[in-house]
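A look at the structure
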Amino acid sequence: MNRLYHVALSPFCRKVRLTLAEKKIEVELVEERYWERAPDFLRRNPAGKVPVLKMESRTLSESQAICEYIDETVPTPPLMPRDPDSRYEVRRLCAWFDDKFNTEVTAKVMGERVWKKIMKKGYPDSKNVKEGLAATKFHLDYMGWLLDQRRWLAGDAMTLADFTAAAHLSCLDYISDVDWDRSAAVKDWYAKIKSRPAFRSLLADHLPGLPPAPQYAELDF
């Protein structure tokens, strides 16, 4: 049985979960409190990070590497384009969300409002939260600009770039920290991707002591 060591509100884990579900690959989800640095987990991934995917005889780490490995070994339906220019654009946008968006938004908002509570690291820093929420406006505007020119973020077909962006935004949506009224194009895009069967397990997430926002699982939001 394939096994994914993850935490429910990690965008990097969610990206892998979406990829696995889109490819119809069954996987057992194992919650991993990676910050406790359990010896068994460090043997699986010395970097001490999630996600870690145990797939057949392989143990895979790093979300982008995992997703591209899955796409290459299970090519249908494809999540990476065939031509180099289009693959570049997908990888560029994956890096945009996993690096820039994560640093400017996800890590600040989720870090303060969710992970400090879960890891028992004190109270939220309102300055970080405000900075993260302010930065969200720029990213939503950029996504809106992309979607004014394309059907999906990286082009005319849904790709790993869309799953990467949706993974980050779904975490923020869990705690009702996305202004969906800022961009009709982004809201429509998220409604499309949220309606996919691959998204169902994410919408069923429910953290003890931290219930999702009322609209989180609603397809018509």
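In case you missed it, the structure is sitting above this.
We now turn to the structure provided with this report. (Residues numbered from 1 in each chain as written. Predicted model: local features only at pLDDT ≥ 70, side-chain atom pairs only at ≥ 80, totals over all residues. Heavy atoms only, no water.)

Focus: the pairing of strand β4 (residues 58-61)
The condition that has to hold: Two strands qualify as a pair provided that DSSP identifies no fewer than 2 bridges between them. Think of it this way: any DSSP run of H or I at least four residues long counts as a helix, any run of E at least two long counts as a strand, and we number them from the N terminus.
Here strand β3 (residues 52-55) pairs with β4 via four bridges, running antiparallel. Across the sheet, residue Leu53 finds its bridge partner in β4, namely Leu60.

Some points on the sheet that holds strand β1 (residues 3-6)
We apply this condition: To obtain each axis, a line is fitted to C-alpha atoms, and for helices this fit is confined to the stretch in contact; angles are then taken between N-to-C directions over 0 to 180 degrees. Any two residues having at least one pair of non-hydrogen atoms within 4.5 Å are treated as being in contact.
Taking strand neighbours across the sheet as the criterion, the four strands line up as β2-β1-β3-β4 in an open arrangement whose pairing is mixed. Looking along the sheet, the strands with just one partner apiece sit at the ends: β2 (28-31) and β4. For this sheet the average axis-to-axis angle between neighbouring strands, irrespective of direction, equals 20°. Relative to β2, β1 runs parallel, the two sharing four bridges. Bridged to Arg3 within β2 is Glu28. Of the strands in this sheet, β3 and β4 touch helix α3 (residues 63-73), which is tilted by about 130° from β4.

A short note on the side chain of Ser183
Rules: For the purposes of these results, a polar contact is taken to be a pair of N or O atoms within 3.5 Å, where, inside protein, one atom must be able to donate a hydrogen and its partner to accept one; residues adjacent in sequence count only when each atom of the pair is a side-chain atom.
By secondary structure assignment, the location of Ser183 is in the loop between α6 (160-174) and α7 (184-194). Only 3.1 Å separates the side chain of Ser183 from the backbone nitrogen of Val186, close enough to count as a polar contact. Ignoring any residue separated from it by four or fewer positions in sequence, one finds Ser183 in contact with Leu140 and Gly144.

A closer look at the packing of aromatic side chains
Operational definition: We call Phe, Tyr and Trp rings a pair once their centres come within 6.5 Å, taking the six-membered ring for Trp, and we label the pair stacked below 30 degrees between planes, edge-to-face above 60, and tilted otherwise. Counted as over-ring charges are cases with an Arg CZ or a Lys NZ within 6 Å of the ring centre that also lie within 35 degrees of the ring normal.
With the rule as written, the count across this model stands at twelve aromatic pairs. Judged by centre distance (5.6 Å) and plane angle (50°), the ring pair of Phe97 and Phe101 falls under tilted. One end of the pair is Phe97 and the other is Phe101, both in helix α4 (residues 84-118) and four residues apart, which spans about a single turn. Members of the aromatic cluster, each reached through a chain of ring pairs, are Trp180, Trp189, Tyr190, Phe199 and Phe221. One residue, Lys100, lies across the ring of Trp96, its end atom 5.6 Å from the ring centre. The positively charged end of Lys187 is found above the aromatic ring belonging to Phe221, 5.5 Å away from the centroid.

Section: the side chain of Lys15
What counts is decided by this rule: Exposure categories follow from relative accessible area, calculated using a 1.4 Å probe and restricted to protein chains: below 20% of the type maximum is buried, above 50% is exposed, and the middle band is partly exposed.
Relative to the helices and strands, Lys15 is located in helix α1 (residues 11-22). Under the relative-accessibility criterion, Lys15 is labelled buried at 0%. Engagement of the side chain of Lys15 in a polar contact is seen with the side chain of Asp98, the distance being 2.5 Å. Residue contacts for Lys15: discarding those within four places in its chain leaves Ser63, Gln64, Cys67, Asp98, Leu160, Thr164 and Ala167.

Here we look at unusual backbone geometry
Cis peptide bonds are those with omega within 30 degrees of zero, and the linkage from Val50 to Pro51 qualifies with 5°. Relative to the assigned elements, Pro51 resides in the loop between α2 (39-44) and β3. Following Thr76, the chain continues to Pro77 via a peptide bond in cis, the omega torsion being -10°. Tracing the backbone through its elements, the reader meets Pro77 in the loop between α3 and α4. In the Ramachandran plot, Glu56 falls in the positive-phi region, its phi being about 55° despite a non-glycine side chain. Locating Glu56 in the fold gives a position in the loop between β3 and β4. Its relative accessible area of 71% is what places Glu56 among the exposed residues. In this structure, Lys120 is a non-glycine residue whose phi angle is positive, near 55°. Assignment of secondary structure puts Lys120 in the loop between α4 and α5 (126-149).

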